[in-house]
Amino acid sequence: MSKPDTIRLGLVGFGDPYNGHNSGRGGNVFQQAISGFDGVIPTAVCDISKTALAAAKEVFPKIKTFADFDQMLASVHLDALIIGTPANLHTEFAVKALKKNIHVLSEIPSVTSAGEAATLWEAHKTSRAFYMTGSNPAYKGWVQAAVELKRKGLFGDLIYAEASYIHDLRSYFKRTPWRATYAPILYCTHSLTPILRLIDEDFDCVACFDTGSHINKKDGQHDVMTALLRTPSNVVAHLTVSWINNYRGGSHFSRYFTTKGCFEQTPNYQTLRKEPAAAGERTLFYSSELPLYNNWIELPVGRMPPAYAGNPKAHAPGAHGGIDYAMLDAFIGAVRSNGPSPISLRDGLRMSLPGIYAAESARQGGELVRIKYPWEARHRGA
């Protein structure tokens, strides 16, 4: 780095402006990093879209822009890189940056195949930089609450989890066409992130079913995909992901059964009265360790991480209720200290690979498939 307190930040995947936004998801996170933290210098942006590059120049007039990622790496010195491209390109850019010893914050999923997982794993092992999995659900207030309850002995051990990400994304297909035929179970990362913070094991097998396309009736599209995952000690998770549906509730739902009770984060149900986006979300908990409470306890926590509730920068538009800011705070702090990664590549692959093998199971009509990880002896050389 040029100075201990200065970070030269780059971005690949600024994204075209849409619906009043001056960028896509990548550009939004990049702008939060620049505006939200002192000493973060906007240095370079790469995007194949001329419109996106022009928009980046409008926001950051002094920034260098590139249509070719290799050219960007050869032309500018970066301390850190944000990867905000479509999911099928994350690995390629992460590997190249790590080989240049550039710290990486990558959107999820981390990879889209077992082969990519092996390649990225090897690249990160030989790099002096770290890879951070950009899984903002890890910073949700209710997820932190569940982890804290487990630490205090009130949660017990997880036995069964069910989670869903039900989000009708048809309006996104024109702007992000990769989503139209993307197997949605590959995007199980949002649901798996909280679960994996509550268990130490990896999921080692999965069976998954796919409805195909009933709504749009188009080849290659998927209305709903649902999977059952299991760990070696028989912890079971049921995950459902849908990007084409007519559901009217909130996007996320999680329910956990534990040896000492249960925990639930309910979806938001807005009404015609136009309640705030999080008005219907509830975080509910029961523990047999609290005999005075023989029913649900409602916890006063939702998406916003409590530590950031009083920070106006965490409430910026597009900050996902503060969790993007919390994620960026962790990343920038880790860059300044040269690591370790707040959410490691291993964490990212534990979130991503189950979805990849679930999609394979669905292609096989729901057959049970063994999940392999690049750190396992049985996977090396396979």
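The sections below set out a description of the structure shown in this document. Remember, it's a predicted structure, so these values are computed and weren't measured experimentally. Throughout, residues of each chain are indexed from 1 in the direction in which the sequence is written. Given that the model is predicted, a residue must reach a pLDDT of at least 70 before its local features are reported, and side-chain atom pairs must reach 80 or more before they are shown or counted; all residues, however, enter totals for whole chains, interfaces and linings. Hydrogens and waters are ignored; side-chain quantities use all the structure's heavy atoms.

## Considering the pattern of salt bridges
Our working definition: Between Lys or Arg on one side and Asp or Glu on the other, a salt bridge is scored when a side-chain nitrogen of the former is within 4 Å of a carboxyl oxygen of the latter. In this text, helices come from DSSP runs of H or I with a minimum length of four residues, and strands from runs of E with a minimum of two, each type numbered from the N-terminal end. Three labels apply to residues, based on accessible area from a 1.4 Å probe with only protein chains included: buried if under 20% of the type maximum, exposed if over 50%, partly exposed otherwise in between.
What the rule picks out here adds up to 16 salt bridges. Of the charged contacts in the structure, one is a salt bridge between Asp79 and Arg8, with a shortest N-O distance of 3.3 Å. Taken together, the residues Asp79 in the loop between helix H3 (69-75) and strand S4 (80-83) and Arg8 in strand S1 (residues 7-12) connect sequence positions 71 residues apart. The class of Asp79 is buried, set by a relative accessible area of 6%. Glu107 is the salt-bridge partner of Arg25, the closest N and O atoms lying 3.4 Å from each other. Here Arg25 is found in helix H1 (residues 25-36), whereas its partner Glu107 is found in strand S5 (residues 103-107), with 82 residues between them in sequence. Residue class for Glu107 comes out buried when judged on its relative accessible area of 12%. Via salt bridges that share partners, Arg25, Glu107 and Asp324 belong to a single interconnected network.

## Thoughts on the packing of H1 against helix H8 (residues 323-336)
Test applied: The axes used here are C-alpha line fits, helices contributing only the stretch in contact, and every angle between their N-to-C directions lies in the interval 0 to 180 degrees. Left-handed describes a crossing whose near helix is turned anticlockwise from the far helix through less than a right angle; right-handed describes the clockwise counterpart. Contacts are assigned to residue pairs with any non-hydrogen atoms lying within 4.5 Å of each other. Charged residues are taken to be Asp, Glu, Lys and Arg, nonpolar residues to be Ala, Val, Leu, Ile, Met, Phe, Trp, Tyr, Cys and Pro, and polar residues to be all remaining types, Gly included.
Following both chains from N to C, one finds H1 and H8 inclined at 65 degrees, their axes separated by 10 Å at the closest point. Remark: the crossing between H1 and H8 carries right-handed chirality. Here Arg25, Asn28, Val29, Gln32, Ala33 and Gly36 of H1 come into contact with H8, specifically with Asp324, Tyr325, Met327, Leu328 and Ile332. Taken together, the residues that form the contact of H1 with H8 break down as six nonpolar, three polar and two charged.

## Overview of the nonpolar core
Stated precisely, the cut-off is as follows: We call a set of buried Ala, Val, Leu, Ile, Met, Phe, Trp, Tyr and Cys residues a nonpolar core when their side-chain atoms join them within 4.5 Å.
Counting residues in each nonpolar core, the largest one holds 119 residues, and the members touching the most others are Ile195 and Phe203. With residues near it in sequence (within four places) discarded, Phe203 still touches Leu192, Ile195, Leu196, Leu229, Arg230, Thr231, Val235, Ala237, Ile371 and Tyr373.

## Describing helix H2 (residues 50-59)
To keep things clear, this is the line we draw: Note: the arc covers the axis-to-C-beta directions of the helix.
Taken residue by residue, H2 has Ala52, Leu53, Ala55 and Ala56 as its buried positions. For H2, the arc enclosing every buried residue in end-on projection is 160 degrees, short of the 170-degree limit, so these residues lie on one face. With respect to the buried face of H2, the exposed residues turned more than 90 degrees away are Lys50 and Glu58. Those residues of H2 hidden inside the fold are in contact with strand S2 (40-46) and strand S3 (64-66).

## Here's the deal with helix H4 (residues 90-99)
When you tally the buried positions in H4, you get seven out of 10 residues, the bulk of the element. Taken together, the buried positions of H4 are occupied by His90, Thr91, Phe93, Ala94, Val95, Ala97 and Leu98. Tucked inside the fold, the buried residues of H4 contact S1, H3, S4, S5, helix H5 (114-126) and strand S6 (131-134). Where H4 terminates, the next one or two residues include Asn101, which has phi positive at roughly 60 degrees.

## Quick notes on unusual backbone geometry
The omega torsion of the bond from Ile108 to Pro109 falls at 0 degrees, within 30 degrees of zero and hence cis. Note on placement: Pro109 falls in the loop between S5 and H5. Of the consecutive residues Gly339 and Pro340, the connecting peptide bond is found in the cis state with omega at 0 degrees. Relative to the helices and strands, Pro340 resides in the loop between H8 and helix H9 (345-363). Its identity is not glycine, yet His320 carries a phi of approximately 55 degrees, on the positive side. Looking at the element boundaries, His320 is found in the loop between strand S14 (297-299) and H8. Overall, the relative accessible area of 35% leaves His320 in the partly exposed class.

## A word on the sheet that holds strand S10 (residues 236-242)
Note the following rule: For two strands to be treated as a pair, DSSP must find no fewer than two bridges joining them.
Spatial strand order, S14-S13-S12-S11-S7-S10-S9-S8-S15: nine strands in an open sheet with mixed pairing. The sheet is open, and its two edges are formed by S14 and strand S15 (369-370), each paired on a single side. Note that strand S13 (residues 283-287) and S14 share three bridges and pair antiparallel. Looking at S14, one finds that Phe285 is bridged to Ile297. Lying over the sheet, helix H7 (residues 189-196) contacts strand S7 (158-166), S10 and strand S11 (252-258), oriented at roughly 155 degrees with respect to S7.

## Description of the packing of aromatic side chains
Condition: Here is the rule: rings of Phe, Tyr and Trp (six-membered ring for Trp) pair when centre to centre is within 6.5 Å. Planes less than 30 degrees apart are stacked, more than 60 are edge-to-face, and the remainder are tilted. Placement of a positive charge over a ring is assigned whenever Lys NZ or Arg CZ falls within 6 Å of the ring centre and within 35 degrees of the normal to the ring plane.
With the rule as written, the count across this model stands at 18 aromatic pairs. Seen in terms of ring centroids, Trp142 and Tyr256 are 6.4 Å apart; in terms of plane orientation they differ by 35 degrees. Their pairing is tilted. Of this pair, Trp142 sits in helix H6 (residues 141-151) while Tyr256 sits in strand S11, and the two are 114 residues apart along the sequence. Their ring planes at 15 degrees and their centres at 5.7 Å tell us that Tyr182 and Trp243 sit as a pair that is stacked. Highlighted residues: Tyr182 in the loop between S7 and H7 and Trp243 in the loop between S10 and S11, separated in sequence by 61 residues. Note on Tyr182: relative accessible area 10%, which makes it buried. The rings of Trp142, Phe155, Tyr256, Phe263 and Phe285 are connected pair by pair, giving a single aromatic cluster. Positioned above the aromatic ring of Trp243, the side-chain terminus of Arg179 is 5.7 Å from the ring centre.

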